[in-house]
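Understanding the architecture of this molecule
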Amino acid sequence: MTTIALPSYQEATSRYEPVIGLETHVELGTNTKMFCGCPTEFGAEPNTQVCPVCLGLPGALPVANRAGIEATIRIGLALNCDIASWCRMARKNYFYPDMPKNFQTSQYDEPLCTDGYVDVEIDGETVRIGIERVHLEEDTGKTLHVGGATGRIHGATESLVDYNRAGIPLVEIVTKPVPGIGAKAPEVARAYVTELRDIIRSLAVSDVRMEQGSLRCDVNTSLNRPGEEWGTRTETKNVNSLRSVERAVRSEIIRQAALLDAGERIIQETRHFQEDTGDTRPGRSKETATDYRYFPEPDLVPIAPDPEWVETLRASLPERPSIKRARVREQWGISETDMQSVVNAGALELIEQTIAVGASPAGARKWWMGELARRANETGVELSEVGATPAQVAELQSLVESGKLSDKLARTVLEGVVAGEGDPAAVMAARGLEMVSDTGALTSAVDEAIAANPDIAAKVRDGKVAAAGALVGAVMKTTRGQADAKTVRELILERLGVS
Amino acid sequence: MAAISREEVAHLARLSRLAVTEQELDQFAGQLDVILQSVARVGEVAADDIPPTSHSVPLTNVYRDDVVQPSLTQDEALSGAPDRTDDRFRVPRILDEEV
């Protein structure tokens, strides 16, 4: 293909109107797979969480996991959808080794949830994203292409397959096309996925981690000239972060605008987002579009949610995250940016629980967003799994506030807590980290420092108060940092008769 | 007229990655045609008041609890594989299809 000069994003969106649509897959956090009792834990040895059902062995029969149905309905309700009173699972037939059955159990023309919406806020304006459908399906196995140099299928001679992931419940959420948002399309796409992630996280049905693949996103983009019909869309896959969602839409708008400017037409195709360059490259051509031959899954009976059950689930939905954020932000008195960091770190609930057991908002936030967030980041775990509980953080902060620990000592205590040595007070006692608050002990340390540094002491007596810093340092050294520097300073000045 | 053409049978075989000879195409087209014609006859007698049946038993909402059951061991899981590595199924690459 000839290289075409790319217009700027501004030029592109001044000539064309984008229409976007998003398909999001969410891996549910159930204990077991959707149609069998195999565990779903991440990172197990290959092919150790499989059974005759998820391996598609002859004669094996699936039974639906109630928790998967319930989670899907709760997602649908949280997205303001109608819940089907009766629907069926369907077989999506295709030949590919990631599904040993040669079909994926999914839903076709009878999704469990339909016709909802999500509101997002862009620059103070509300944009409503329509939800076309929310349906339940199963995840596929993981293939590893070997024999080639790149690890990708091109050049590979064979594929190695691990079916641990095959059969884990997956919820697909499809938006209606979103027109009329102009140059804000990339921002809207990102805001939608962010809001969707927050809503699903609040339901506690998935850990929704894009980097681990439990939230995956495909972005459809088309352009049309103002007043004309919608253009041909492309589908961009491999979009694995919120930032990438925004970049993928933006680069696709520029790419399509360049083609249209040159009088070419857009080919309906699947493209892959390139994390390094931020642009999209063609993937599988739709010319070989698969004929999935869907039909109702005969081995699974229809799903007919009891309306009373649905109403119970509706009544127990948690507060909508955007509403909760606004409320909490006001209570804590922090900026929108700080609030967003708290949400992104997965710290909102933890900080709330820490406050509930007695910490101040600032004190609770300081530990979760500081030391603990840093640790979680370094070790690659969720903040909630970092090894400290809200009660322990509240206790730590109260030890600081009562003067028993300095901030520095508290960090050391926290290390002990995270390492499983016990609650903060116990760690403090066991490691002998408590601040020296006994005035007698402190006074003798001060006297020792004065006696050991007669020259400095003389300077201070002569009025060079700044010289006292060296004496403070000496005392802090003998008390191994376990004294309050301000108290020590006051005591030194008092003993030298200059206070 | 035949209910299924030879071309349609070839298409289905391709989708299923089945190597079907020219002779088999004729044979299967004929057999499938008999099946489809028979099903079509049932369609003729099904009036509007008879909903299409997808399940032979009138059951809904059959679920299990979200409780872990023992899986197969890795060796058991891989025992039926035509080819394997230590811990994975080994299959030929599927040409130019990246799902």
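Within each chain, residue numbers correspond to sequence positions counted from 1 in written order. Labels are handed out in written order, letters beginning with A for the chains and numbers beginning with 1 for the ligands. Given that the model is predicted, a residue must reach a pLDDT of at least 70 before its local features are reported, and side-chain atom pairs must reach 80 or more before they are shown or counted; all residues, however, enter totals for whole chains, interfaces and linings.

Considerations on the overall build of chain B
Along chain B, the regular secondary structure elements total three helices and two strands. Note on conventions: DSSP H or I runs of at least 4 residues are helices, E runs of at least 2 residues are strands, and numbering of each starts at the N terminus. Ordered by position in the sequence, the α and β elements of chain B form the string α-α-β-α-β. Over its C-alpha atoms chain B spans a radius of gyration of 21 Å, topping by over 25% the 13 Å that the globule rule assigns to 99 residues. Overall size of chain B, expressed as C-alpha extent along the three principal axes, is 55 × 45 × 25 Å. In chain B, buried positions account for 6% of the 99 residues. All radius of gyration figures rest on C-alpha atoms, and the globule criterion is 2.2 Å times the number of residues raised to 0.38. Once C-beta atoms are placed from the backbone, each residue is buried if 20 or more other C-beta atoms lie within 10 Å of its own, exposed if 12 or fewer, and partly exposed for counts between those two.

Considerations on the interface of chain A and chain B
The extent of an interface is frequently quoted as the accessible surface area lost upon association of the parts. Distance between backbone-placed C-beta atoms decides contact: two residues are in contact if it is within 7 Å. Facing 43 residues of chain A, the contacting portion of chain B comprises 33 residues. Among the secondary structure elements, those contributing two or more residues to the side of chain A that touches chain B are β2 (64–65), α2 (66–78), β9 (158–162) and β14 (280–285) of chain A. Ranked by residues supplied to the side of chain A that touches chain B, first place goes to β9 of chain A with five residues. Under the grouping applied here, Gly and all other residues not named as nonpolar or charged are polar, the nonpolar ones being Ala, Val, Leu, Ile, Met, Phe, Trp, Tyr, Cys and Pro and the charged ones Asp, Glu, Lys and Arg. Considered class by class, the residues forming the side of chain A that touches chain B number 23 nonpolar, 12 polar and eight charged. Being paired, for any two strands, means DSSP has found at least two bridges between them. In this sheet, strand β1 (residues 63–64) of chain B lies alongside β2 of chain A in parallel orientation, the contact comprising two bridges. Bridged to Asn 65 of chain A within β1 of chain B is Arg 64 of chain B.

Let's talk about the sheet that holds strand β5 (residues 103–106) of chain A
All names here are of chain A. Spatial strand order, β5-β4-β15: three strands in an open sheet with antiparallel pairing. Taken across any chain shown, the strands that pair with only one partner, and hence form the sheet edges, are β5 and β15 (295–296). Pairing analysis gives two bridges linking strand β4 (residues 90–93) to β15, with the strands arranged antiparallel. Its bridge partner lying in β15, Ala 90 is registered against Pro 296.

Things to note about unusual backbone geometry
Residue and element names in this part refer to chain A. The phi dihedral of Ala 204 falls on the positive side, at around 55 degrees, and the residue is not glycine. Take Ala 204: it is sitting in the loop between α3 (185–203) and β11 (215–224). The backbone of Asn 238 sits at a positive phi, close to 70 degrees, despite the residue not being glycine. By the C-beta count within 10 Å, which is 18 here, Asn 238 ends up partly exposed.

Some points on the packing of helix α9 (residues 361–379) of chain A against helix α10 (residues 390–401) of chain A
Residue and element names in this part refer to chain A. Only the contacting stretch of a helix is used when fitting its axis, a line to C-alpha atoms as for every element, and angles between N-to-C directions run 0 to 180 degrees. Where α9 contacts α10, the two axes come as close as 10 Å, and the packing angle between them is 115 degrees. By the criterion of interaxial angle, the relationship of α9 to α10 is roughly perpendicular. The hand of the α9/α10 crossing is right-handed. Contact residues: Gly 363, Ala 364, Trp 367 and Trp 368 in α9; Val 393, Ala 394, Leu 396 and Gln 397 in α10. Its residues assigned to classes, the contact of α9 with α10 shows six nonpolar, two polar and no charged. Each angle is binned into one of four classes, with values under 35 degrees roughly parallel, values over 145 roughly antiparallel, values of 65 to 115 roughly perpendicular, and all other values oblique. The hand of a helix crossing depends on one turn: near helix anticlockwise from the far one by less than a right angle means left-handed, and clockwise means right-handed.

A word on the packing of helix α13 (residues 439–452) of chain A against helix α16 (residues 485–495) of chain A
All names here are of chain A. Their axes nearest at 10 Å, the elements α13 and α16 cross at an angle of 60 degrees. Here α13 is positioned oblique relative to α16, judged by the angle of their axes. Crossing geometry of α13 relative to α16 is assigned as right-handed. Facing α13, whose interface residues are Leu 442, Thr 443, Val 446, Asp 447 and Ile 450, α16 presents Thr 487, Val 488, Leu 491, Ile 492 and Arg 495.

A few points about the sheet that holds strand β2 (residues 89–92) of chain B
By definition, the strands of a sheet pair up through backbone hydrogen bonds, in either a parallel or an antiparallel sense. Taken in spatial order, the three strands line up as β8(A)-β9(A)-β2(B) in an open sheet, and their pairing is antiparallel. The open sheet terminates on both sides in strands that have one partner only, identified here as β8 (142–146) of chain A together with β2 of chain B. Averaged over all pairs of adjacent strands, the angle between their axes in this sheet comes to 30 degrees, without regard to strand direction.

Focus on helix α4 (residues 242–261) of chain A
Under the 1.5 Å per step criterion, the end-to-end length of α4 of chain A is 29 Å for 20 residues, consistent within 8% with the ideal 28 Å. Downstream of α4 of chain A by one or two residues, Gly 263 of chain A has phi in the positive range, about 80 degrees. For a helix, the expected span equals 1.5 Å multiplied by the residue count minus one.

Side note on the confidence of the model for chain B
Residue and element names in this part refer to chain B. Each residue carries a pLDDT value, the predictor's own confidence for that position, ranging from 0 to 100. Looking at chain B, pLDDT values average 89 and 94% of them are 70 or higher. Least confident of the elements in chain B is helix α1 (residues 6–15), whose mean pLDDT is 90; most confident is β1, at 98. Across the interfaces of the predicted complex, the ipTM metric reaches 0.89, alongside a pTM of 0.79.

Details of the nonpolar core
All names here are of chain A. Put simply, a nonpolar core is buried Ala, Val, Leu, Ile, Met, Phe, Trp, Tyr and Cys residues tied into one set by C-beta atoms within 7 Å. Judged by nonpolar contacts, the single largest core of 74 residues is most densely connected at Cys 54, Leu 112, Val 134, Ala 189, Tyr 192 and Val 219. Sort the elements by how many residues they give to this core and α3 lands first, with eight residues. In contact with Val 219, not counting residues within four places along its chain, are Ile 20, Leu 22, Ala 189, Thr 236, Val 239, Val 245, Ala 248 and Val 249.

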